Amino acid sequence: MILPMKNLKITLPTLLIGLCIGLALGVNIGRDKPLLSNPFDKTSLTDKIKNIGSEALETSGKALENTGKALQGK
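Residues numbered from 1 in each chain as written. Predicted model: local features only at pLDDT ≥ 70, side-chain atom pairs only at ≥ 80, totals over all residues. Heavy atoms only, no water.

Trainee: How should the overall build of the protein chain be read in this particular structure?
Mentor: Broken down by element type, the protein chain carries two helices and zero strands. Here the C-alpha coordinates of the protein chain stretch approximately 80 × 30 × 15 Å along the principal axes. When burial is assessed residue by residue, the protein chain has 3% of its 74 residues classed as buried. Each charge class in the protein chain was averaged separately, 10 positive and 6 negative side chains, and the resulting centres sit 10 Å apart. (Helix = DSSP H or I, 4+ residues; strand = E, 2+ residues; numbered from the N terminus. Buried < 20%, exposed > 50% of the residue type's maximum accessible area, 1.4 Å probe, protein only. Lys, Arg positive; Asp, Glu negative; His and termini not counted. Charge placed at Lys NZ, Arg CZ, Asp CG, Glu CD.)

Now the structure itself:
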């Protein structure tokens, strides 16, 4: 089916805008970031390592606290 020129003038920009928005959201999903954050924002490898290390330290500290509480209860 061939679209008339009037429909093509509306359809083509709509598809391009949708493609750009979908691409930006897909990049954010792939990087485990909030959907509406900047997809071009670069986080360095050292920042990622620091974040992972601090999360691991926090979870291990909580586990150690829970173990201490369990031992005090015995």
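Trainee: Explanation requested: the environment of T59 in the structure shown.
Mentor: On the secondary structure map, T59 appears in helix α2 (residues 45–73). Relative accessible area serves as the criterion here: at 51%, T59 is assigned to the exposed category. Sequence spacing of T59 and F40 is 19 residues, and the spatial spacing of their C-alpha atoms is 30 Å.

Trainee: Before we go on, may I ask you to explain the pattern of salt bridges in this structure?
Mentor: It is possible for side chains bearing opposite charge to pair when their charged atoms get close. According to the stated counting rule, one finds two salt bridges in the structure shown. For K33, the salt bridge is made with D41, and the minimal N-O distance between the two is 3.9 Å. Residue E58 is joined to K62 by a salt bridge in which the shortest nitrogen-to-oxygen separation is 3.5 Å. Remark: K62 and E58 occur in helix α2; sequence separation between them is four residues, near one turn of the helix. The class of E58 is partly exposed, set by a relative accessible area of 49%. Taking the relative accessible area as the measure of exposure, K62 reaches 49% and is therefore partly exposed. (Salt bridge = Lys/Arg side-chain N within 4 Å of Asp/Glu carboxyl O.)

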